[in-house]
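Inside the fold
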Amino acid sequence: MQNFLPFLQWLSDYKKADFSRDLLAGLTAGVILIPQAMAYAMIAGLPPVYGLYAAIFPVLVYAFLGTSKNLGIGPVAMDSLLVAAGLGTLVISTVENYIVLAILLAFLVGAMQFILGLFRMGFLVNFLSKPVISGFTSAAALIIIFSQMKHLFGVDIARSNIFHEMVLNAIAKISEINMYDFGIGILGILSIVLLKKWNKKIPAILVVVVLGIVAVRVFGLERFGVNIVGEIPSGLPSFGIPEFRVDYLVDLLPIAFTLALVGYLEIISIGKSLEEKEEKATIDPNQELIAIGSANMIGSLFRSYPVSASFSRSAILSETGVRTNMAGFFSVLLVLLTLLFFTPVFYYLPNSVLASVIMVSVFGLIDMGYPKKLWQNNKDELVVLLLTFFITLFIGIPQGILTGVLFSLLLMVYRTSNPHFAILGNIKNSDYYRNVNRFNNDTLERSDLLIVRFDAQLYFGNSSYFKKRLYREIQRKGIELRGIILNAEAINYIDSSAAVMLAKVIREVQGKGLEFYIAGAIGPTRDIIFNSEIITELRREHLFIKTSEAVAYFDNPSSVSVVGSKVAYQNRNGL
């Protein structure tokens, strides 16, 4: 049962010493969660109170089903932006309809994540490579920052999720800036940054929120046109089934799938990065899909929009020494108290303060260091990163993710279809055989023997490349060549097309009076050799464990090792 209900494991071992740590961590994260949730709801195009709704039941459900104590679940900037970007493309007549679609979207995202978890499809997140993630995240951070210009300027700016349009729209409104809003927002940004530099233990966001409320209330700044949050409905969210309509589902499914993958990616990447610091792994990728899927589905029944894991709140939980998922209950308790008793306090909260919270929170998502590393070592992956970055900025958010994934896959296909092909030589005074281009001064390459290594699986996509490179090296060797050894240590699979090709190559090579040997094939590769046409063309005695054994046999066929032969011939069908 602990595999399906992870809370049983930590609850059974719960100690009094854990309570104080969880209480501190939960309340500290909750203090940050409240203003962030309201701010992120604004990014999503929703009233601020819906951010608080999204900080209740999803957090509770994850506390029961999640496998990481460090994750701060709730509204996050990236998912909020995707909600706004996805729903912004639809024709929505009223705010009420927008809210209905956002709630239904949460259920669809959760259902997809839950189903993927049941079918153990957590590996899908591997298709979002780090260059794609970095490029998308940096672009999304810039979009989020500029989406808050309307609150920072205190003017109505036309909405868009295309970066250059956002910049032009903001520039067009510079002359209408409300200097009170602008001043409050800039002071908020500077205060958060400086307080964090001075002492990270100070809840800078909370301090700025409180000061903003006090300033507006005491000095009556709303009289000068300062935009404030206004009345927030008090009380708990009501229960309700999302409105399922065929036209809604057709419109929302592509957005939901994108959100499901991105939200899951955030959870896994944040959770694993924090676990690495603690050197203790507890995250179960498939259980995490079930946990966040359940959180989103159940949350949608209580007016929540899609949620995931926040890096800033997760870092706070980790730094305060959280012990178990019980911390989530204390965060929720703080949110509940706010909804029940303290919503009037936020009436005078300036929108520009929330904008400053968002801008500072997401600025850290812009990663300049990683592209520099790629420029030095992996320029092809840098191209993928830049493509993802610019397409996300200037064409669209979903298009950026999809294009990045597509180019990552194309890069992978290119690499596997043109893998490393090495010519091996004997390291002097040893039985090691290494790449002659890397060890050219220390290797001996024989004129009568060609030793090659193919560093990839052999399949239909690279079989012609293998054949072309092998024949080129055979031609280079010339008339003195008498034997060929294929070092197969790196070949972990041979598909049917490649098996036919390799059998044909062996037949043609032997037809020219040359010997062909295979050395170093691992167990699964030997199984394929013995169950394909290859073994009909390649004599059993031409299979070896080590390249040095194949060379010794080439020089003297009577020198074969009995033990080596037994291992080389072993396959799942027996000897």
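The structure we're discussing is the one just above.
The structure reproduced in this document is the subject of the present report. On a predicted model such as this, the values are computed, not experimentally measured, just so you know.

Turning our eyes to something else, we now look at the overall build of the chain. Across its full length, the chain holds 25 helices and nine strands. Along the three orthogonal principal directions, the C-alpha set of the chain runs to about 100 × 60 × 55 Å. Counting over 575 residues, the chain shows a buried share of 53%. Here the contacts in the chain between residues at least 6 apart in sequence split such that 80% fall between residues at least 24 apart. As presented, the chain carries roughly 26,800 Å² of accessible surface, and 62% of it is formed by carbon and sulfur atoms. If the 47 positive side-chain charges of the chain are averaged to one point and the 42 negative ones to another, these points end up 4 Å apart.

Looking now at the packing of aromatic side chains. When we look at a pair of aromatic rings, we describe it by the centre distance and by the angle of the planes. Summed over all chains, the structure comprises 22 aromatic pairs. Clustering of aromatic rings is evident, with ring pairs tying together Phe-146, Phe-163, Phe-389, Phe-390 and Phe-394. One cation-aromatic arrangement involves Arg-245 over Tyr-248; the distance from NZ or CZ to the ring centre is 4.2 Å. Note that Lys-512 overlies the ring of Tyr-471, its terminal NZ or CZ placed 5.3 Å from the centroid.

Right, let's talk about the pairing of strand β3 (residues 421–427) for a bit. Of all seven residues that make up β3, seven are buried, and the element is covered over most of its length. Across three bridges, β3 lies against strand β6 (residues 449–454) in antiparallel orientation. Along β6, the bridge assignment pairs Phe-421 with Phe-454. In this sheet, strand β4 (residues 433–435) lies alongside β3 in antiparallel orientation, the contact comprising three bridges. Counted as the bridge partner of Asn-426 is Tyr-433 from β4. Between the end of β3 and the start of β4, which pair antiparallel, lie five residues, with Asn-429 showing a positive phi angle near 60°. Direction of pairing for β3 relative to strand β5 (residues 443–444): antiparallel, over a ladder of two bridges.

Basis of the calculations
Every residue gets a number counted from 1 within its own chain, in the order that chain's sequence is written. Only residues with pLDDT of 70 or above have their local features reported here, since the model is predicted, and side-chain atom pairs are shown and tallied only from 80 upward, although totals for entire chains, interfaces and linings are computed over all residues. Side-chain calculation: all heavy atoms of the structure are included, whereas hydrogens and water are not. For the purposes of this entry, the term helix denotes a DSSP run of H or I that reaches at least four residues, the term strand denotes a run of E that reaches at least two, and both are numbered from the N terminus. In this scheme, a residue with accessible area under 20% of its type's maximum is buried, one over 50% is exposed, and one in between is partly exposed, where area comes from a 1.4 Å probe on protein chains only. Note on contacts: a residue pair qualifies if any of its non-hydrogen atoms lie within 4.5 Å across the two residues. For accessible areas, the Shrake-Rupley method is used with a probe of radius 1.4 Å. Any residue's cover is judged against the shown protein chains and nothing else. Only four residue types enter the charge count, namely Lys and Arg as positive and Asp and Glu as negative; His and the chain termini do not. To locate a charge, take atom NZ for lysine, CZ for arginine, CG for aspartate or CD for glutamate. Paired rings are identified among Phe, Tyr and Trp, the last through its six-membered ring, by centres lying within 6.5 Å, and are further divided according to the angle between planes into stacked (under 30 degrees), edge-to-face (over 60) and tilted (the rest). By definition here, charges over rings are those cases where NZ of Lys or CZ of Arg is within 6 Å of the ring centre and within 35 degrees of the ring normal. Between any two strands, at least two bridges found by DSSP are needed for them to pair.

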